[in-house]
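A look at the structure
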Amino acid sequence: MNISKTTDIALLLLRLTFGGLMIINHGWKKFMKFFADDPIKFADPIGLGAETSLGLAVFAEVFCAVMLMLGLFTRQVVIPLIITMLVAIFIIHWDDPFKKKEMAFLYLIPYICLLIKGAGWYSLDAQIRKV
């Protein structure tokens with residue numbers, strides 16, 4: 001197998017893993033808050049209001065993560081995910097010990113790599129360009 005194909009497989013694994021884990025472990029629970037009977041309680045780290053902050057987090061952690069998994073507009077959809085992780089690191093968990101920031105760093109690095117490298121061959125981006 002040549003270097004190009006192994007890189008494309010690695011990019012596919014990154015997209016599926018970090019997109020899927022973002023949805024399952026972070027985004028879905030936030031998404032379901034919109035359907036709860038209780039009033040929305042969510043952090044307002046940049047002063048836009050709890051509902052708007054929740055909406056932005058759900059947009060990144062669910063909708064952008066789904067598009068990332070599909071490899072559709074990959075470089076564009078990782079930008080909200082990168083911003084979300086930067087907010088988590090530098091605003092939400094700024095005063096916390098590194099252990100609390102570690103998860104956001106572990107998501108941030110693959111998103112930056114995907115921003116730099118793109119989705120790879122096994123993506124809708126590549127298939128659209130091919131046509």
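For the structure, see preceding data.
Rules and cut-offs
- Residues numbered from 1 in each chain as written.
- Predicted model: local features only at pLDDT ≥ 70, side-chain atom pairs only at ≥ 80, totals over all residues.
- Heavy atoms only, no water.
- Core = buried A, V, L, I, M, F, W, Y, C linked by side-chain atoms within 4.5 Å.
- Buried < 20%, exposed > 50% of the residue type's maximum accessible area, 1.4 Å probe, protein only.
- Helix = DSSP H or I, 4+ residues; strand = E, 2+ residues; numbered from the N terminus.
- Contact = heavy atoms within 4.5 Å.
- Salt bridge = Lys/Arg side-chain N within 4 Å of Asp/Glu carboxyl O.
- Axes fitted to C-alpha atoms, helices over the stretch in contact; angles between N-to-C directions.
- Parallel < 35°, antiparallel > 145°, perpendicular 65-115°, else oblique.
- Left-handed = near helix turned anticlockwise from the far one by under 90°.
- Nonpolar A, V, L, I, M, F, W, Y, C, P; charged D, E, K, R; others polar.

**A closer look at the nonpolar core**
Of all hydrophobic cores here, the largest spans 20 residues; its most connected members are Met22, Leu68, Val78, Leu81, Met85, Tyr107 and Tyr111. Elements with a minimum of two residues in this core: helix H1 (3–32), helix H2 (50–70), helix H3 (74–92) and helix H4 (98–117). Here the element with the most residues in this core is H3; it accounts for seven residues. Beyond its immediate stretch of four places on either side in the chain, Val78 contacts Leu68, Tyr111, Leu114 and Leu115.

**Focus on the pattern of salt bridges**
Taken as a whole and assessed by the stated rule, the structure comprises one salt bridge. Note that Glu61 is salt-bridged to Lys30, the shortest N-O span being 2.7 Å. Of this pair, Glu61 sits in helix H2 while Lys30 is found in helix H1, placing the two residues 31 residues apart along the sequence. Judged by relative accessible area, which is 5%, Glu61 ranks as buried.

**Here we look at the packing of H1 against H2**
The geometry of H1 relative to H2 is characterised by a closest axis approach of 8 Å and an angle of 150° between their N-to-C directions. Regarding the angle of H1 to H2, the classification is roughly antiparallel. As for the relative orientation of H1 and H2, their crossing is left-handed in sense. The segment H1 lies against H2, with Arg15, Leu16, Gly19, Gly20, Met22, Ile23, His26, Gly27, Trp28, Lys30 and Phe31 engaging Leu54, Ala57, Val58, Glu61, Val62, Phe63, Ala65, Val66, Leu68, Met69 and Leu70. A per-class count over the contact of H1 with H2 returns 15 nonpolar, four polar and three charged.

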